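# Descriptive analysis of the structure
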Amino acid sequence: MAALGSVRRRLAPGALPVDAILAAVVLLVYLLVLALAPESAGTRLTPAVAVWSVLGVLPIAARRRWPGPSVLATLLLMLPGLAWPVAMQTQGLAVIVLTYRAAARLPWRRAAPTFLALWPASMLVGAVHRSSASAVLFGLLVDVLIAMICFVLGQYQRTRRAYLQALEARAVEAERNQRVLAGQAVAEERRRIARELHDVVAHHVSVMGVLATGARRSLTRDPAAATEALGSIEQTGRTTLRELRRLLDVLRNDEEPAAESDALAPAPGLPAIANLVESVRRAGLPVDVQLDGEPYPVDAGIGLAVYRLIQEALTNAVKHAGPASAQVRLGFGPSALSVEVFDTGRGPAADATRRGGHGLVGMRERVALYGGELVTGPRPGGGFRVYARIPMDTLEGLSRLPGAGGRPPVTDTSPQGRA
């Protein structure tokens, strides 16, 4: 991964233009110095010197994209300096830039080869054309000093950059931890408030139960007292409803605020299944509804869970079944309510069935809330099947579910059909 990151940095779109600008600045400064230098300096600005100076700065322009070839090109451009006294022009500046770049970007063990390849050759070329031993010794000392300064400054810059990156990463991690801790504190406070509101609601409901018992017992012998108790029940019921709404507001996730229309609209139940099925039919999926047993009213929470389960199952069928049909079967048994939704489509992919999704998780949580069981999986004949069974605590007030009709039930008892 480190090597890949190095390659990406070298191939960054802005690397070559910036390096080319640096090479051009070095070349212009050097040529300006040569043009202003007196003739006694020993090197005059001639066309040959100018061309050779241009060649000497090319490795500077390519140092980040092609670091290895740049070092090799600088070595080759220094070889003529052994025979041509004026050959060491901008090549010496390229040696300084390449050494600093290697030390600033690489650990010292990896930057050392660049240092050892460039500086001995540069010192040798410089020593060949010096007139005396003292000049050679002085030149070597100066070269060693420059080389060490370039290497040490490059390593310092690399260490400083790594230190700043570590500080930045530590600051980001600290900020993230602070957000997590703040979120945990908010969640804990909301749980505490929810427990308190739960106690308040439970107290109000208990009071309503006591008042209802007293009103029932005094209804015939003291109608005025019964009426007063019923008024108290009415007031306590409204207070309880307000507290329940506050409790739901506390437990609601900030990232999923409830819409105003959702707060005002009643929760859908079993009677709304007919409209749901009709909307799915208009979407292009033929759906048949089958009732088993005599329908009876259920708690609003159970009706909502059944509605959401059927809604999710039919939505998945519309998305994934392809050209197919679906069937919804509701079974009103003496001790449990069963729901079955299956389609005749191509069924989900194997990996999708294995992983599951948020919809299946939501189904499972809703059914488990009422002590039921949920079975999902592909059908032997093709398609997908969702089956749920929710136990009923009390069965009373039988009535018929509107908008449903159908054909004899379809039985699927194979293990694959329930998997």
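Because the structure is predicted, anything quoted here is derived from the model rather than measured.

## As for the pairing of strand E4 (residues 373–378)
Successive side chains on a regular strand alternate, one facing one side of the sheet and the next facing the other. Bridge analysis of E4 against strand E5 (residues 384–391) gives 6 bridges, and the strand direction is antiparallel. Bridging across to E5, Thr376 finds its partner in Val386. Following E4, the chain reverses through 5 residues before pairing antiparallel with E5; Gly382 in that reversal takes a positive phi of roughly 110°.

## Structural notes on the pairing of strand E2 (residues 326–332)
Counting buried positions along E2 yields 7 of 7 residues, so the element is predominantly enclosed. Pairing of strand E1 (residues 287–292) with E2, which is carried by 6 bridges, proceeds in the parallel orientation. If you follow Asp288 over to E2, its bridge partner there is Gln327. Each parallel crossover has a hand, and the one from E1 via helix H11 (residues 300–320) to E2 is left-handed. Connecting E2 to the next strand, strand E3 (residues 336–343), in antiparallel fashion are 3 residues.

## A few points about the pattern of salt bridges
Taken as a whole, this structure holds 8 salt bridges when the rule is applied. Measuring nitrogen to oxygen at the nearest pair gives 2.8 Å for the salt bridge that ties Glu173 to Arg176. With Glu173 and Arg176 both in helix H7 (residues 133–217) and 3 residues apart, the pair spans about one turn of that helix. Between Arg191 and Glu188 there is a salt bridge, with the nearest N and O atoms lying 2.8 Å from each other. One end of the pair, Arg191, and the other, Glu188, are both in helix H7, 3 residues apart, so they sit about a helical turn from each other. Given a relative accessible area of 38%, Glu188 falls into the partly exposed group. Taken together, the salt bridges that share partners define one network made up of Asp292, Arg329, Glu340 and Arg385.

## What to know about helix H4 (residues 67–78)
A rise of 1.5 Å per residue sets the reference length of H4, with its 12 residues, at 16 Å; its end C-alpha atoms lie 17 Å apart and thus fit the reference within 8%. When we look at burial in H4, the residues that qualify are Ser70, Val71, Thr74, Leu77 and Met78. The buried residues of H4 all sit within an arc of 130° when viewed along its axis, so they share a single face. Of the exposed residues in H4, the ones pointing more than 90 degrees away from its buried face are Pro69, Leu72 and Leu76. Residues of H4 that are buried make contact with helix H3 (47–61), helix H5 (90–105) and helix H6 (108–128).

Definitions and cut-offs
Residues numbered from 1 in each chain as written. Predicted model: local features only at pLDDT ≥ 70, side-chain atom pairs only at ≥ 80, totals over all residues. Heavy atoms only, no water. Pairing = 2+ DSSP bridges. Helix = DSSP H or I, 4+ residues; strand = E, 2+ residues; numbered from the N terminus. Buried < 20%, exposed > 50% of the residue type's maximum accessible area, 1.4 Å probe, protein only. Right-handed = clockwise from strand over helix to strand, strands pointing away. Salt bridge = Lys/Arg side-chain N within 4 Å of Asp/Glu carboxyl O. Expected span 1.5 Å × (residues − 1). Arc of directions from axis to C-beta. Contact = heavy atoms within 4.5 Å.

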